[in-house]
Amino acid sequence: VKHPLQSKWTLWFTKPSTGKGDNWNDLLKEVITFNSVEEFWGIYNNIAGVSDLALKSDYHLFKEGVRPEWEDPQNKHGGKWSYSFKEKRNVDINEIWLHTMLGAVGETLEDEEDGEVMGVVVNVRKAFFRVGVWTRTIGKAIPGRGDGDVAGGKGRPPAKGQEILMNIGHRFKEILQLPPNEVVEFSGHTDSAHSGSTRAKAKYTV
Ligand code: M7G
């Protein structure tokens, strides 16, 4: 018996770049798509743990049909909550990433009707492990989008989109098991793309 998930999910992997000349697209690989609890554990038990990945690797777990890129139509008006663990030796990153993935596939990062969570990401870097949750909107109207709508076209009142994002931030922070004095930041992908990095100015914090 297979226990179905509410959505289909695709695991992606970013290979570490070997040097200059590698572009983002050549390094990003689709691994597998699944839609049951059993398949999730089968995959999880057969891939390398985050702590065993080479520097500059990423795992991305996204809803089927959404590429883990700013440019994807379902991400381009969105953003991400993220946190960097800088004491790499003092964090059980495998455990944190497992619980982040379970929050995504179990759809406990948001309420069912919200439809904001597009995927989750872990980046292995020299100075930190960064874990993130990507959302479909930035919780408010997007200037110049032309539809005059708020928070992604579901007809939500302006305050609601922001409330949904803040709830996701709080739930994510619980998964990360952070003390209250640590800060998890949200930033829009447009800012990330323009600054050429994810170190963009945070719009919200929890
Ligand atoms: P990162 O892995 O988010 O952060 O982005 P890091 O600076 O801590 O490693 C590293 C680089 O990967 C960016 O500067 C981009 O060149 C590329 N990159 C990352 N993402 C998430 C994207 C994306 O969604 N689209 C494109 N085109 N490039 C990306």
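None of the values given here were measured: they were computed from a predicted structure.

Comments concerning the side chain of glutamate 116
For step 1, the next point in the chain: Note that glutamate 116 resides in the loop between helix 3 (93-105) and strand 5 (117-124).
For step 2, the next point in the chain: For glutamate 116, a relative accessible area of 0% corresponds to the buried category.
For step 3, the next point in the chain: Within the local environment of glutamate 116, its side chain forms a polar contact with the side chain of threonine 137, the two groups lying 2.8 Å apart.

Considerations on empty space enclosed by the protein
For step 1, the next point in the chain: For the structure on display, the rule yields two cavities of 30 Å³ or more.
For step 2, the next point in the chain: In this structure, the largest cavity spans a volume of roughly 50 Å³.
For step 3, the next point in the chain: Along the walls of the largest cavity sit Leu11, Phe34, Phe40, Ile43, Tyr44, Ile47, Leu61 and Met101, which together make up its complete lining.
For step 4, the next point in the chain: Of the residues forming the lining of the largest cavity, the biggest block, three residues, is contributed by helix 2 (residues 37-44).
For step 5, the next point in the chain: In terms of residue class, the lining of the largest cavity is made up of eight nonpolar, no polar and no charged.
For step 6, the next point in the chain: Here the second largest cavity defines a volume of roughly 30 Å³.
For step 7, the next point in the chain: In this structure, the second largest cavity is lined by Trp9, Lys63, Gly103, Ala104, Glu107, Thr108, Leu109, Glu110 and Val117.
For step 8, the next point in the chain: Within the lining of the second largest cavity, the residues separate by chemical class into four nonpolar, two polar and three charged.

Thoughts on the environment of aspartate 114
For step 1, the next point in the chain: Mapped onto the fold, aspartate 114 is located in the loop between helix 3 and strand 5.
For step 2, the next point in the chain: What makes aspartate 114 buried here is its relative accessible area of 7%.

A short note on the packing of helix 2 against helix 3
For step 1, the next point in the chain: Interaxial distance between helix 2 and helix 3 falls to 13 Å at its minimum, and their mutual angle equals 160 degrees. As summarised for this structure, helix 2 and helix 3 are arranged roughly antiparallel, according to the angle between their axes. Here helix 2 runs over helix 3; the crossing is right-handed. Here Phe40, Trp41 and Tyr44 of helix 2 lie close against helix 3, whose contacting residues are Asn94, Leu98, Met101 and Leu102.
For step 2, the next point in the chain: Here the residues of the contact of helix 2 with helix 3 sort into six nonpolar, one polar and no charged.

Some thoughts on the nonpolar core
For step 1, the next point in the chain: Counting residues in each nonpolar core, the largest one holds 41 residues, and the members touching the most others are Trp81, Phe85, Val131 and Leu176.
For step 2, the next point in the chain: Among the secondary structure elements, those contributing two or more residues to this core are strand 1 (4-14), helix 2, strand 3 (58-63), strand 4 (79-85), helix 3, strand 5, strand 6 (129-135) and helix 4 (158-175).
For step 3, the next point in the chain: The leading source of residues in this core is helix 3, at seven residues.
For step 4, the next point in the chain: Setting aside chain neighbours within four positions, we find valine 131 in contact with Trp81, Ser82, Tyr83, Phe85, Ile93, Ile96, Trp97, Thr100, Val121, Val122, Phe172 and Leu176.
For step 5, the next point in the chain: Counting seven residues, the second-largest nonpolar core is a separate cluster that includes Leu28, Val66, Met118 and Val121.

Details of the packing of aromatic side chains
For step 1, the next point in the chain: In this structure the tally under the stated criterion is nine aromatic pairs.
For step 2, the next point in the chain: Here phenylalanine 40 and tryptophan 41 contribute two aromatic rings whose centre-to-centre distance is 5.1 Å and whose plane-to-plane angle is 75 degrees, an arrangement assigned as edge-to-face.
For step 3, the next point in the chain: Residue classification places phenylalanine 40 among the buried residues on the basis of a relative accessible area of 4%.
For step 4, the next point in the chain: Residue class for tryptophan 41 comes out partly exposed when judged on its relative accessible area of 34%.
For step 5, the next point in the chain: Seen from the ring of phenylalanine 129, lysine 88 lies directly overhead, with NZ or CZ sitting 4.8 Å from the centre.

Regarding the confidence of the model for the protein chain
For step 1, the next point in the chain: Averaged over every residue, the pLDDT of the protein chain is 90; residues scoring 70 or more account for 87%.
For step 2, the next point in the chain: Ranking the elements of the protein chain by mean pLDDT puts helix 5 (residues 189-195) last, at 69, and strand 3 first, at 99.
For step 3, the next point in the chain: Below a pLDDT of 50 lies the segment residues 146-152, which in the model reaches 18 contacts outside its immediate sequence neighbourhood of four places, other chains included.
For step 4, the next point in the chain: Here the complex is predicted with pTM 0.91, and the ipTM for its interfaces comes to 0.97.

Calculation rules
- Residues numbered from 1 in each chain as written.
- Predicted model: local features only at pLDDT ≥ 70, side-chain atom pairs only at ≥ 80, totals over all residues.
- Heavy atoms only, no water.
- Helix = DSSP H or I, 4+ residues; strand = E, 2+ residues; numbered from the N terminus.
- Buried < 20%, exposed > 50% of the residue type's maximum accessible area, 1.4 Å probe, protein only.
- Polar contact = N/O pair within 3.5 Å; in protein donor to acceptor, adjacent residues only side chain to side chain.
- 1 Å grid on protein atoms, 1.4 Å probe; cavity = no way out; pocket = protein on both sides within 12 Å on 5 of 7 lines; lining within 4 Å.
- Points joined across faces, edges and corners; volume = space filled by probe spheres on them.
- Nonpolar A, V, L, I, M, F, W, Y, C, P; charged D, E, K, R; others polar.
- Axes fitted to C-alpha atoms, helices over the stretch in contact; angles between N-to-C directions.
- Parallel < 35°, antiparallel > 145°, perpendicular 65-115°, else oblique.
- Left-handed = near helix turned anticlockwise from the far one by under 90°.
- Contact = heavy atoms within 4.5 Å.
- Core = buried A, V, L, I, M, F, W, Y, C linked by side-chain atoms within 4.5 Å.
- Phe/Tyr/Trp six-rings, centres within 6.5 Å; stacked < 30°, edge-to-face > 60°.
- Lys NZ or Arg CZ within 6 Å of the ring centre and 35° of its normal.
- pLDDT = per-residue confidence, 0-100.

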